[in-house]
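Take a look at the letters that make up each chain.
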Amino acid sequence: MVRKKHQLPVGFTMGDAAGIGPEIIVKAFAAGLPEPSIVYGDVGVMQNTVSKLGLDALLRVEIISEPEACPSDPSIIPVLNRWQPLPDNLPMGQAQAEAGRGAYEYLCHAIDNAMAQRIRAIVTAPLNKKAMQMGGVDYPGHTEILAERSGTSRFAMMLANPELRVLLVTIHVALADVPGLITFESELDTIRLADIACRQAGLQRPRIAVAGLNPHAGEDGRFGREEIEIISPAIEAARAEGLDVSGPWPGDTVFMRARMGEFDIVVAQYHDQGLIPVKYLGVEQGVNVTVGLPFIRTSVDHGTAYSIAGQGIADPASLRTAYETALAMTQP
């Protein structure tokens, strides 16, 4: 019998084994998950994490060979891994080639299963760019791997919490390179993706605000002409398509206005412009959504937290929010 999308298991990726990913996943399972879920990761790391947290009486880790073998028992953490096992003595809290390569392989496995519609969604725990590079994998982050492996050319990163949604035009690039990447096409595409992201979240006619690139949104060309020559024409084109979009608004006030309820989402021009306001409000309830993929992918709004890895004090709240967001976005 072919399962419907919402009946498939959610796939967690373990992320970097030397970070807090395994811990927050185990804590999520321990708190109880309302829908079937599996972990793409290392069975030894997951079992060691369960034991270190003193949860052996509550949870057990089992290897499964395919997503369809996901058990219905909530006390089982089912683990899928087509890559090699990690060393038993892997040190915590530092970048290592084995952990970096593993994080990449777990993600690729999950992407392939999501593309084949064998899992409901992907929820990613954090990876570390340096560790991946040490393991022979050179990507800026999750987003670029997800897009390339799924063959997605139109995509964007959205960060959200209960107070604010932000979508980025440019992501992991040097600040000096940002102006050259702000084009009419990239701007219009991102506005369209912002509309799609909000509609997936249940908003029928989202109100989209676009932040300017320059101080005071360029102030009529005094501080730069990107707003006049690129951003404003893209906004007008989006309006002609029927989207409720406005701007460009000064970046120092538009996020406050959105938080107060004037807008449903803000299109930010570069990474820190958009992520600082969201993360300032707290990463505990933050979630990262990659918009434009042929499947749903959500993630925590924080990194590997090497400084507290292995100490049993990591907060799983952001992972739980990412999981619940994935469920909400894949409802029948």
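Residues numbered from 1 in each chain as written. Predicted model: local features only at pLDDT ≥ 70, side-chain atom pairs only at ≥ 80, totals over all residues. Heavy atoms only, no water.

A.B. asks: Would you mind showing me how to read the packing of helix α7 (residues 184-200) against helix α8 (residues 226-240) here?
C.D. replies: The description of two packed helices rests on the angle between their axes and on the distance between the axes. Packing of α7 against α8 brings their axes to within 9 Å, and their N-to-C directions diverge by 45°. By the criterion of interaxial angle, the relationship of α7 to α8 is oblique. The interaxial crossing formed by α7 with α8 has right-handed handedness. In this structure, α7 uses Phe184, Glu187, Leu188 and Ile191 to contact α8, whose residues at the interface are Ile230, Ile231, Pro233, Ala234, Ile235, Ala237 and Ala238. Of the residues in the contact of α7 with α8, the class split is 10 nonpolar, no polar and 1 charged. (Axes fitted to C-alpha atoms, helices over the stretch in contact; angles between N-to-C directions. Helix = DSSP H or I, 4+ residues; strand = E, 2+ residues; numbered from the N terminus. Parallel < 35°, antiparallel > 145°, perpendicular 65-115°, else oblique. Left-handed = near helix turned anticlockwise from the far one by under 90°. Contact = heavy atoms within 4.5 Å. Nonpolar A, V, L, I, M, F, W, Y, C, P; charged D, E, K, R; others polar.)

A.B. asks: Help me out: how do you make sense of the nonpolar core in this one?
C.D. replies: Counting residues in hydrophobic clusters, the biggest one holds 87 residues, and the most contacted among them are Phe12, Val39, Met46, Ile77 and Ile191. Tallying contributions element by element places helix α3 (residues 97-115) first for this core, with 9 residues. Discounting residues that sit within four places of it in the chain, Val39 has contacts with Phe12, Met14, Ile25, Phe29, Met46, Ile77, Pro78, Val79 and Leu80. With 16 residues, the next largest nonpolar core counts Leu159, Val166, Ala209 and Phe255 among its residues. (Core = buried A, V, L, I, M, F, W, Y, C linked by side-chain atoms within 4.5 Å. Buried < 20%, exposed > 50% of the residue type's maximum accessible area, 1.4 Å probe, protein only.)

A.B. asks: I tried to follow α7 on my own but got confused; where do I start?
C.D. replies: Residues lying three or four places apart along an α-helix face the same way, a consequence of the helix completing one turn every 3.6 residues. In this model, α7 (17 residues) spans 24 Å end to end at C-alpha, consistent with the 24 Å of a helix rising 1.5 Å per residue. Of all the positions in α7, only Ser186, Glu187, Leu188, Thr190, Ile191, Leu193, Ala194, Asp195, Ala197 and Cys198 are classed as buried. Just downstream of α7 lies Gly202, where phi reads positive at about 100°. (Expected span 1.5 Å × (residues − 1).)

A.B. asks: Explain the pattern of salt bridges here, please?
C.D. replies: Pairing of side chains with opposite charge becomes possible as their charged atoms draw close. By the definition in use, this model includes 20 salt bridges. The salt bridge partner of Arg149 is Asp112, with a shortest N-O separation of 2.9 Å. A residue pair is termed long-range when its members are at least 10 positions apart, and Arg149 in helix α5 (residues 142-150) and Asp112 in helix α3 qualify at 37 residues. The class for Arg149 is partly exposed, based on a relative accessible area of 38%. Residues Arg207 and Asp264 are paired through a salt bridge, measuring 3.0 Å at the closest nitrogen-oxygen approach. Taken as a pair, Arg207 in strand β8 (residues 207-211) and Asp264 in the loop between α9 (254-259) and β10 (265-268) lie far apart in primary sequence, 57 residues in all. One salt-bridge network, in which partners are shared between bridges, spans Arg154, Asp189, Arg192 and Glu241. (Salt bridge = Lys/Arg side-chain N within 4 Å of Asp/Glu carboxyl O.)

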